[in-house]
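# Architecture and fold: a report
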Amino acid sequence: MGKKRCVAMLLAGGKGSRLYSLTKNLAKPAIPFGGKYRIIDFTLSNCSNSGIETVGVLTQYQPLVLNSYIGIGSAWDLDRVNGGVTVLPPYSESSEVKWYTGTASAIYQNQNYLSQYDPEYVLILSGDHIYKMNYEWMLEYHIQKQADASISVIEVPWSEASRFGIMNTNEDMDIIEFEEKPKKPKNNLASMGIYIFKWKVLKELLEEDDENSHSTHDFGKDIIPMLIEKNRKVVAYPFKGYWKDVGTVQSLWEANMDLLDDSSELNISDYNWRIYTVNPNHPPQYISSEAIVKESLINEGCTISGNIEKSIVFQGVNVGTGSVVRSSVIMPDAHIGENAYIEKAIVPSDIHIPSGMVIKPKEGKDDVVLVTEEMVSTFIS
Amino acid sequence: MLKTMLGVIDATTYHHDLEELISHRTLAALPIGGRYRLIDFVLSNMVNSGVGSVAIFPKYQYRSLMDHLGSGKNWDLDRKRDGLFFFPASITDGDSEGIGSFNQFAANMDYFYRSKQEYALVANCFTVFNMDFNPVLIRHLTSGCDITEITNKGDSLEVYLIKKSLLIDLILTRDITGYTCMKDVMLDLNHDYKICHYEYNGYAEKIDSISAYFEVSKEILTAETWNQLFIKERPIFTKVKDEPPTRYTSTGEVKNSMIANGCIIEGDVENSIISRAVKIGKGSRLKNCIIMQKCSIGEDCVLENVILDKDVMVGNETVMTGSKNTPFVVRKGTVQGALMNS
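The sections below set out a description of the structure shown in this document.

What counts and how
- Residues numbered from 1 in each chain as written.
- Chains lettered and ligands numbered in written order.
- Predicted model: local features only at pLDDT ≥ 70, side-chain atom pairs only at ≥ 80, totals over all residues.
- Heavy atoms only, no water.
- Helix = DSSP H or I, 4+ residues; strand = E, 2+ residues; numbered from the N terminus.
- Rg over C-alpha atoms; globule rule 2.2 N^0.38 Å.
- Buried < 20%, exposed > 50% of the residue type's maximum accessible area, 1.4 Å probe, protein only.
- Disulfide = S-S within 2.5 Å.
- Pairing = 2+ DSSP bridges.
- Salt bridge = Lys/Arg side-chain N within 4 Å of Asp/Glu carboxyl O.
- Contact = heavy atoms within 4.5 Å.
- Buried area = accessible area lost by both parts, 1.4 Å probe.
- Polar contact = N/O pair within 3.5 Å; in protein donor to acceptor, adjacent residues only side chain to side chain.
- Axes fitted to C-alpha atoms, helices over the stretch in contact; angles between N-to-C directions.
- Parallel < 35°, antiparallel > 145°, perpendicular 65-115°, else oblique.
- Left-handed = near helix turned anticlockwise from the far one by under 90°.
- Phe/Tyr/Trp six-rings, centres within 6.5 Å; stacked < 30°, edge-to-face > 60°.
- Core = buried A, V, L, I, M, F, W, Y, C linked by side-chain atoms within 4.5 Å.
- Patch = residues over 30% accessible without salt bridge, like charges linked within 9 Å, V, L, I, M, F, W, Y side chains within 5 Å.
- Areas by Shrake-Rupley, 256 points an atom, 1.4 Å probe, with all protein chains shown as cover.
- Lys, Arg positive; Asp, Glu negative; His and termini not counted.
- Charge placed at Lys NZ, Arg CZ, Asp CG, Glu CD.
- 1 Å grid on protein atoms, 1.4 Å probe; cavity = no way out; pocket = protein on both sides within 12 Å on 5 of 7 lines; lining within 4 Å.
- Points joined across faces, edges and corners; volume = space filled by probe spheres on them.
- Nonpolar A, V, L, I, M, F, W, Y, C, P; charged D, E, K, R; others polar.
- Expected span 1.5 Å × (residues − 1).
- Arc of directions from axis to C-beta.

Along its length, chain B carries 11 helices and 27 strands. Taking 2.2 N^0.38 as the reference for a compact globule, 342 residues should give roughly 20 Å; the C-alpha atoms of chain B span a radius of gyration of 21 Å, in line with that estimate. Seen along its three principal axes, the alpha-carbon backbone of chain B occupies a region of about 65 × 40 × 40 Å. Looking at the 342 residues of chain B, the share that counts as buried comes to 57%.

Evaluated as defined, the whole model comprises one disulfide over all chains. Considering cysteine sulfurs only, Cys263 of chain B is the nearest to Cys302 of chain A, which forms no disulfide, with 14 Å between them. A relative accessible area of 1% means that Cys302 of chain A is categorised as buried. Counting only cysteine sulfurs, Cys289 of chain B is the nearest neighbor of Cys301 of chain B, a cysteine outside any disulfide, at a range of 11 Å.

All names here are of chain A. Strand order in the open sheet formed by five strands is 17-20-23-26-29, and the pairing between neighbours is parallel. Bordering the open sheet on either side are strand 17 (292-294) and strand 29 (358-359), each of which pairs with just one other strand. Relative to strand 20 (residues 307-309), strand 17 runs parallel, the two sharing three bridges. What sits directly across from Lys294, in strand 20, is Glu309.

Attention now goes to the pattern of salt bridges. Residue and element names in this part refer to chain A. If you walk through the whole model with that rule in mind, you get 28 salt bridges over all chains. Here Arg80 and Asp77 are joined by a salt bridge, their closest N and O atoms 3.6 Å apart. Here Asp77 falls in the partly exposed class, since its relative accessible area comes to 46%. Ionic contacts of the salt-bridge type, sharing partners, join the residues Lys28, Asp128 and Asp245 into one network.

With 34 residues of chain A at the contact, the number on the chain B side is 36 residues. Here chain A meets chain B over a buried area of about 2800 Å², counting both sides, of which 46% is carbon and sulfur. Interface area lost by chain A to chain B is led by Asn281, Pro284 and Tyr286 of chain A, which between them contribute 21%. For the pair chain A and chain B, the interface holds one salt bridge. Note that Glu300 of chain A and Arg35 of chain B form a salt bridge whose closest N and O atoms lie 3.4 Å from each other. The interface formed by chain A and chain B holds 23 residue pairs in polar contact (both at pLDDT 80 or more) in total. Every element with two or more residues in the side of chain A that touches chain B is listed here: strand 16 (285-287), strand 17 and strand 18 (296-298) of chain A.

The next subject is the packing of helix 6 (residues 199-211) of chain A against helix 7 (residues 219-229) of chain A. All names here are of chain A. It is the contact of helix 6 with helix 7, at a shortest axis distance of 11 Å, that shows an interaxial angle of 115°. Considering their axes alone, helix 6 and helix 7 lie roughly perpendicular with respect to each other. When you trace helix 6 past helix 7, the crossing you get is right-handed. Only Phe219, Asp222, Ile223, Met226 and Leu227 of helix 7 make contact with helix 6, whose side of the interface consists of Val201, Leu202, Leu205, Leu206, Glu208 and Asp209.

On to the packing of aromatic side chains. The way to describe two aromatic rings as a pair is by their centre distance and the angle between their planes. The tally for this structure, following the rule as stated, stands at 26 aromatic pairs over all chains. Centre to centre, the rings of Tyr131 of chain A and Phe239 of chain A are 6.5 Å apart; their planes meet at 85°, and the pair counts as edge-to-face. Highlighted residues: Tyr131 of chain A in strand 9 (residues 129-131) and Phe239 of chain A in strand 14 (residues 234-239), separated in sequence by 108 residues. Phe239 of chain A shares its class with Tyr131 of chain A; the two are buried. Summarising the aromatic geometry, the rings of Phe57 of chain B and Phe105 of chain B are spaced 4.8 Å apart at their centres and angled 55° between planes, so their arrangement reads as tilted. Remark: Phe105 of chain B occurs in helix 4 (residues 102-106) and Phe57 of chain B occurs in strand 4 (residues 53-58); sequence separation between them is 48 residues.

Another point: the nonpolar core. Judged by nonpolar contacts, the single largest core of 111 residues is most densely connected at Ile107, Ile124, Phe197, Leu202 and Leu252 of chain A. Not counting residues up to four positions away in its chain, the partners in contact with Phe197 of chain A are Glu120, Tyr121, Val122, Ile124, His142, Asp148, Ala149, Leu202, Phe219, Ile223, Ile224 and Leu227 of chain A.

What follows is about a negative patch on the surface. A cluster of acidic residues, Asp333, Asp350, Glu373 and Glu374 of chain A, forms a negative patch on the protein surface. Looking at the element boundaries, Glu374 of chain A is found in helix 9 (residues 373-380).

This paragraph deals with empty space enclosed by the protein. Here the structure, examined in full by the defined rule, presents four cavities of 30 Å³ or more. In this structure, the largest cavity occupies an estimated 50 Å³ of space. Surrounding the largest cavity, Ile287 and Val293 of chain A together with Tyr248, Thr249, Thr251, Gly252, Glu253, Val254, Ile265 and Gly267 of chain B form its lining. For the lining of the largest cavity, the residue count by class is five nonpolar, four polar and one charged.

Another aspect to go through is the sheet that holds strand 9 (residues 155-163) of chain B. All names here are of chain B. With mixed pairing, seven strands are arranged side by side in an open sheet as 5-4-1-6-9-8-10. Each edge of the open sheet carries a strand with a single partner, namely strand 5 (83-86) and strand 10 (195-199). The sheet shows a mean angle of 25° between the axes of neighbouring strands, taken without regard to direction. Both strand 6 (residues 119-124) and strand 9 contribute to a ladder of five bridges, which runs antiparallel. Across the sheet, Val122 pairs through a bridge with Tyr160, a residue of strand 9. Along the sheet, helix 6 (residues 134-142) contacts strand 1 (5-11), strand 6, strand 8 (147-152), strand 9 and strand 10; its crossing angle with strand 9, the most-contacted strand, is approximately 60°. Across the sheet, helix 7 (residues 164-172) touches strand 1, strand 6, strand 8 and strand 9, and the angle it forms with strand 9 is around 105°.

All names here are of chain A. Summarising the element assignment, Ser305 is placed in the loop between strand 19 (303-304) and strand 20. Accessibility expressed as a relative area gives 14% for Ser305, which makes it buried. Within polar-contact distance, the side chain of Ser305 engages the side chain of Ser288 at 3.4 Å. With near-sequence residues (within four places) excluded, Ser305 lies in contact with Ser288, Glu290, Ala291, Val319, Gly320, Thr321 and Gly322.

The next subject is helix 6 of chain A. Residue and element names in this part refer to chain A. Taking 1.5 Å as the rise per residue, helix 6 with 13 residues should run 18 Å; its terminal C-alpha atoms sit 19 Å apart, in good agreement. Among all positions of helix 6, only Trp199, Val201, Leu202, Leu205, Leu206 and Asp209 are buried. Down the axis of helix 6, the buried side of the element spans an arc of 150°, and every buried residue falls inside it. Opposite the packed face of helix 6, turned more than 90 degrees from it, sit the exposed residues Lys200 and Glu211.

Before going further, it helps to examine the layout of surface pockets. Quantified by volume, the second largest pocket comes out at close to 880 Å³. Taken together, 31 residues line the second largest pocket, and the ones lying closest to its centre are Ser74 and Ala75 of chain A together with Lys73, Asn74 and Val240 of chain B. Where the lining of the second largest pocket is concerned, the elements lending two or more residues are helix 2 (63-70) of chain A together with helix 3 (63-69) of chain B. Its residues assigned to classes, the lining of the second largest pocket shows 11 nonpolar, 12 polar and eight charged.

This is the structure in structure tokens:
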């Protein structure tokens with residue numbers, strides 16, 4: 001294998017428990033998003049568009065769909081002779097399977113993968129966020145600052161700062177302190193969970209951390225504080241742009257709705273920064289004479305006979321005559337019968353909404369409804 | 001030995017009546033159905049019928065066809081053994097009368113000699129249909145035919161099934177027999193070959209004129225035809241493009257239309273087929289139109305019975321009307337302003 005300047009390690013093993021039934025059989029990065037994509041498409045496309053061709057994807061929780069989805073990476077132009085995408089599940093050594101217990105230990109266990117390329121730099125990413133970013137710019141910043149580690153940060157509203165991992169910096173953007181969910185935040189620069197390390201430096205730290213039985217083997221909680229303690233150069237890379245964690249039903253719904261907002265910074269129609277995905281093969285969408293479609297995004301393979309308003313409709317969805325879909329996200333291959341009413345809901349893949357069913361937030365509450373099989377069964381009976 | 005078929009697609013045809021749409025790109029590459037090219041139908045049918053080796057013989061302006069097909073990956077024909085073969089014709093060859101020109105095959109005999117398949121399916125590139133060719137092979141074998149011609153509603157579909165060794169024979173003896181193509185053999189009464197016909201009952205339409213192209217496009221919008229062409233178990237494959245989902249705004253109404261991805265629809269669209277990355281401005285009204293890729297239609301336009309080839313820009317307040325049988329066709333890349341006449 002040829003030597004690489006920078007190898008990306010994409011952490012895609014998370015469970016996403018706050019997404020309930022959506023992640024019951026599906027890892028969070030494989031969750032459908034934006035009418036056509038899966039969450040991981042953003043990070044993978046960012047790698048491809050940034051010229052980072054060697055990407056290790058660390059899977060763990062419910063990896064079947066994710067592993068076969070990624071395949072050999074052709075969809076993101078990551079099917080390369082030297083490098084490309086490699087799926088890295090946990091594996092057994094001698095007598096036991098070594099599960100990934102923390103973000104740092106997951107990287108540590110894949111040293112052999114990284115040694116193949118002997119990179120100068122390692123880019124740590126997660127597959128949980130929706131954003132467009134040129135990692136090459138961050139790498140150049142890291143090199144220019146002669147840093148041992150760079151952490152990408154984004155300004156968050158002060159009122160929300162206590163929900164994030166906050167980086168306290170000096171005027172030169174050196175990180176002097178890291179505070180996880182501080183009650184009284186000293187700064188409003190939140191960690192995006194994107195790190196660049198000099199591989200030699202990271203390797204040493206991981207070895208040390210592995211021997212520490214009190215450690216949770218987490219980048220944010222253990223590795224970064226270790227670096228700061230040792231007075232290594234850790235800098236903050238300021239990112240400006242749209243960045244959203246879609247770890248809850250509410251935030252997933254909001255991020256989808258953001259795509260319908262003209263003023264939103266998230267532009268998926270930018271031909272200079274395409275978001276690649278595995279394209280299923282469908283005929284173009286068909287809008288019937290009875291349909292009314294307003295302010296919505298509709299993908300291929302849909303047959304629409306009802307009213308769609310301010311909604312995101314994924315591929316292969318059928319909406320029957322007389323049905324109304326408002327402010328909702330209808331995931332791939334879901335079917336909606338006739339004269340149904342759906343408002344402010346997420347309808348997961350393959351769910352069949354029977355004719356006449358009404359789905360909307362409870363009286364007085366505003367929460368997004370995540371439709372489940374149980375709800376459908378209850379309605380039928 | 002397994003009774004297997006190889007596929008041969010004759011993509012040399014030039015129908016003069018389609019001149020405005022095929023002067024710069026070969027007929028096989030004609031965009032149709034919002035996201036397909038004409039050749040996708042016969043090519044997908046072959047692949048869905050289990051054919052793993054397909055040779056395409058193009059002639060004129062085949063750059064976009066070559067770009068569309070690539071290595072054949074999208075039709076599962078990017079293989080280590082067999083797969084997709086592309087044999088452009090020499091322009092100095094004369095036009096042949098019918099499908100399956102023996103002169104053209106003669107220039108590429110290696111393909112036939114090296115293929116392990118026993119039977120050859122020789123087809124045209126311009127028929128819109130979704131058909132399984134296996135029943136044709138079975139009938140061909142059980143009836144002991146030499147050549148089977150597939151017909152639809154009594155007319156020849158210009159798709160022939162023939163034993164490969166016989167085809168090779170016909171190619172090599174063409175100067176003696178005077179047969180220039182498959183059709184010549186079918187029409188001649190002087191040979192001993194057993195000619196059979198297989199009548200296919202499903203939807204099958206040849207695109208040999210602008211009006212046929214327009215008619216067939218309208219028919220695709222009906223459930224009856226749609227269900228015969230877009231079958232889940234036998235999908236029509238095409239080149240994959242990374243376009244975002246289509247955006248519908250607060251203005252504009254779409255009725256009975258087929259819309260590909262990457263479009264931004266702000267106007268009214270009725271009974272139309274809109275290809276990918278098309279923009280339709282506020283206040284514009286389209287009826288019975290076929291709009292190809294990346295066209296941009298401004299605001300307050302009226303287009304009725306119009307075919308726009310790719311990359312056409314239509315300025316604000318332009319009115320273009322064709323008639324039901326003679327649609328108004330705009331060539332690729334043209335800019336149309338408000339003062340242009342029908």
